[in-house]
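Notes for the structure review
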Amino acid sequence: MTEPMMDRLLPIALVGTERSPGLRALLREVPAPLTGLMQALATAPEEDATVLLRAAGVLAVAQRVGGGLAMADALPEAPAPARSDTRPALSAESHQALLQRLLGEDVPDSLRHEALSLVAQRGWRLPATLLPPMLALALRLPMLRPAVGAVMGERGRWLVQQQPRWRSIVERPAEPTEEDWAHGSGAARLAFLKAERRRDPDAARERLTAELPSLAARERAELVEALAVGLSAADEPLLVKLLRDRAGDVRTLAAQLLPRLPDSEQSAWLAGQWSALLRVESAWLGLKKRWHVEPPTAEDPAWKTRALDLQRPRHDGLGERGWWLYQLARLAAPAFWPAHMAMTPTELIDWARGTDWKDALLRGWREAVLVAAGSAGVAGEPDAQPGAVDARWLLALLDCREAPGWPAHEVTALRSHLPLAARTALWRERVGSAAADVAGEVVRTCAQPLIDGRPEQAGQLDPALAASLSAAMVRELTDLFAGRHADERRALAWLDTAPELVAWLPLACLGAVEALPEPAALDPNASATTSTWLHHRIAPLHDRLQQAVALRRAFHALPVAAVSSSTDSR
């Protein structure tokens, strides 16, 4: 097989048809199913430049819906047709118009996800004409892939198999099978292994152990992640072996999982390391302890087998000794510190801030807490596993005065792991004084599970918080639309946050958004100041909010489909 036809046309387009007289002969070589169409173009009376553009358009459409065309002596065997769908297509003209609006640039991603999820819940699927643009949207926005996968039907699944670049859309099956394990993508195999870990942890571990020797480093790292599900002491021998894996990512994963087992040899080794670095002195006539920390002064050869990265990145802000200290801190279980030093997380952070090594300690604790919360959950919550993190760690880190300088995605992740009641309490305290900031945090936190591929964990807003936040937003937007908003930073924050927040508010809160007044007209006699350009950005916000509300109401009003075993409506 030679290069694709589009690649053959590109050089002609670059140098010009006048310098490449072979265009029409090339079009006559195109194989089926476009043979007749391309031969008609080859004999068309138009100029060569026009013919080239038309041919490129035909090939672009063919590539979009069918995987493209390649020059070949023999075409591959035609694929089997798609199986019949049992779900009806949402094909009414009004419903198709609704779905078409989801493709618009101004629609919040979370609203798209909710709308497609409602289509699936009501028992519908996408009409065939909207499959290519919806699949392209899911390819661009990974958070939409599960939602699109749930409504694309059998024809959509057939299309995905014909177009390699679309296959990532169905990489995470909701109910993985042995077929996914045998022939699926890395994500599908991981989903199967995690499901098996929930059913039978020992069988899944044996399966993984048998598979690891034949896998590349990246694949090993992908599958070892499954051991976080149902972790127990029985997994320790395999994890200890993985500490010596050739791949750094695999070693790191093993080193992060072992401290979740408090009786593991890795946990004992880390405790020994810290016992040598920490010392305590009596103060105030022996009534109080004063802790001191002294980082390692030299590299320990044993670190190479304990998943510590000895090579400090060139541009990292920590010095060499700080780098070693940080790595030991990020590998120790968060529960180690309160138990060893008899301090609460808040007291530990206050202590660290008084040392010369606060950056290394705080960074290590932050990463350790995020890893523990992400893989083991939060203590006391329904999904908590061995090694679950104490919620007080999350609260203390978020309250740390250094937190505003930390990466925003890490702060959002810390907040997203908080139990719902604690998270809501923090937000309610600040709604009155910083509504725009709280709205931004709410939007990011609610969307985080969708971004992480965990749509089932996307939290709902507390009704009282939603009502307070909605009222604050309406109040501030009313002033903004009337030209009474003097704080430009808060005004700009609402431009992006308000439509996204509408996607998370309960339907009962949407009436007040619908009643928002339209923005006041700009005074033509006003001077060209910063407020002028801000007004031009504010003006479309009212329409965006009304469109978002209307879309949500329309999708929530979808009827339940009558499902038939013979349904195959296009």
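Parameters at a glance
- Residues numbered from 1 in each chain as written.
- Predicted model: local features only at pLDDT ≥ 70, side-chain atom pairs only at ≥ 80, totals over all residues.
- Heavy atoms only, no water.
- Patch = residues over 30% accessible without salt bridge, like charges linked within 9 Å, V, L, I, M, F, W, Y side chains within 5 Å.
- Areas by Shrake-Rupley, 256 points an atom, 1.4 Å probe, with all protein chains shown as cover.
- Salt bridge = Lys/Arg side-chain N within 4 Å of Asp/Glu carboxyl O.
- Helix = DSSP H or I, 4+ residues; strand = E, 2+ residues; numbered from the N terminus.
- Phe/Tyr/Trp six-rings, centres within 6.5 Å; stacked < 30°, edge-to-face > 60°.
- Buried < 20%, exposed > 50% of the residue type's maximum accessible area, 1.4 Å probe, protein only.
- pLDDT = per-residue confidence, 0-100.
- Contact = heavy atoms within 4.5 Å.
- Expected span 1.5 Å × (residues − 1).
- Core = buried A, V, L, I, M, F, W, Y, C linked by side-chain atoms within 4.5 Å.
- Polar contact = N/O pair within 3.5 Å; in protein donor to acceptor, adjacent residues only side chain to side chain.
- Axes fitted to C-alpha atoms, helices over the stretch in contact; angles between N-to-C directions.
- Parallel < 35°, antiparallel > 145°, perpendicular 65-115°, else oblique.
- Left-handed = near helix turned anticlockwise from the far one by under 90°.
- Nonpolar A, V, L, I, M, F, W, Y, C, P; charged D, E, K, R; others polar.

Some words on a nonpolar patch on the surface
Judged by side-chain polarity, Leu10, Leu14 and Val15 come together as a nonpolar surface patch covering roughly 310 Å² of accessible area. You can see leucine 10 is positioned in helix H1 (residues 5-15).

What about the packing of aromatic side chains?
Going through the model one piece at a time under the given rule, you end up with seven aromatic pairs. Ring centres of tryptophan 181 and phenylalanine 192 lie 5.9 Å apart, and the angle between their planes is 35°; this geometry places the pair in the tilted category. With tryptophan 181 in helix H10 (residues 178-183) and phenylalanine 192 in helix H11 (residues 186-199), the pair connects residues that are eleven residues apart, well separated along the chain. Judged by its relative accessible area of 7%, tryptophan 181 is buried. A relative accessible area of 4% means that phenylalanine 192 is categorised as buried. Taking 5.4 Å as the distance between ring centres and 50° as the angle between the ring planes, the aromatic pair formed by tryptophan 323 and tyrosine 326 counts as tilted. Of this pair, tryptophan 323 and tyrosine 326 are both found in helix H17 (residues 320-331), three residues apart, which corresponds to roughly one turn of the helix.

Points about the confidence of the model for the chain
One rule of thumb: low pLDDT means the predicted coordinates there are not for detailed reading. Mean pLDDT over the chain works out to 85, with 90% of the residues at or above the 70 mark. In this model, residues 67-75 is a region of pLDDT below 50 whose contacts with residues beyond four sequence positions or in other chains number 24 contacts.

Quick word on helix H6 (residues 109-121)
For an α-helix the count is 3.6 residues per turn, leaving residues at separations of three or four pointing the same way. Taking 1.5 Å per residue, 13 residues should reach 18 Å; H6 reaches 18 Å between its end C-alpha atoms and fits that length. Within H6, eleven of the 13 residues are buried, leaving the element largely enclosed by the surrounding structure. Taken as a whole, H6 has its buried residues at Ser110, Leu111, Arg112, His113, Glu114, Ala115, Leu116, Ser117, Leu118, Val119 and Ala120. One or two positions beyond H6, positive phi appears at glycine 123, with a value near 90°.

Re the nonpolar core
In terms of nonpolar packing, the biggest core is built from 76 residues, with Leu242, Trp274, Trp337, Trp351, Trp365 and Trp393 touching the most fellow members. Ignoring any residue separated from it by four or fewer positions in sequence, one finds tryptophan 337 in contact with Trp274, Leu278, Ala329, Ala332, Ala342, Leu348, Trp365 and Trp393. Counting residues in hydrophobic clusters, the runner-up holds 75 residues, among them Leu461, Met473, Leu480 and Phe555.

Side note on the environment of leucine 102
Within the secondary structure, leucine 102 is located in the loop between helix H5 (93-101) and H6. Assessed through its relative accessible area of 1%, leucine 102 is described here as buried. Apart from residues no more than four positions distant in its own chain, leucine 102 is found in contact with Val107, Leu111, Arg112, Ala115, Leu116, Met134, Leu137 and Phe555.

Quick notes on the side chain of aspartate 85
Here aspartate 85 shows up in the loop between helix H4 (48-66) and H5. In this structure aspartate 85 comes out as buried when scored by relative accessible area, which is 4%. Polar side-chain contacts of aspartate 85 include one of 3.4 Å to the side chain of arginine 125. One polar contact links the side chain of aspartate 85 to the main-chain amide nitrogen of glutamate 154, over a distance of 2.7 Å.

Some thoughts on the packing of helix H16 (residues 265-277) against H17
The interhelical angle for the contact between H16 and H17, taken along N-to-C directions, is 135°, at an axis separation of 10 Å. Comparing the axis directions of H16 and H17 gives the class oblique. The two elements H16 and H17 meet at a crossing, and its hand is left-handed. Together, Trp269, Leu270, Gln273, Trp274 and Leu277 of H16 and Leu325, Leu328, Ala329 and Leu331 of H17 make up the contact between the two elements. For the contact of H16 with H17, the class distribution of residues is eight nonpolar, one polar and no charged.

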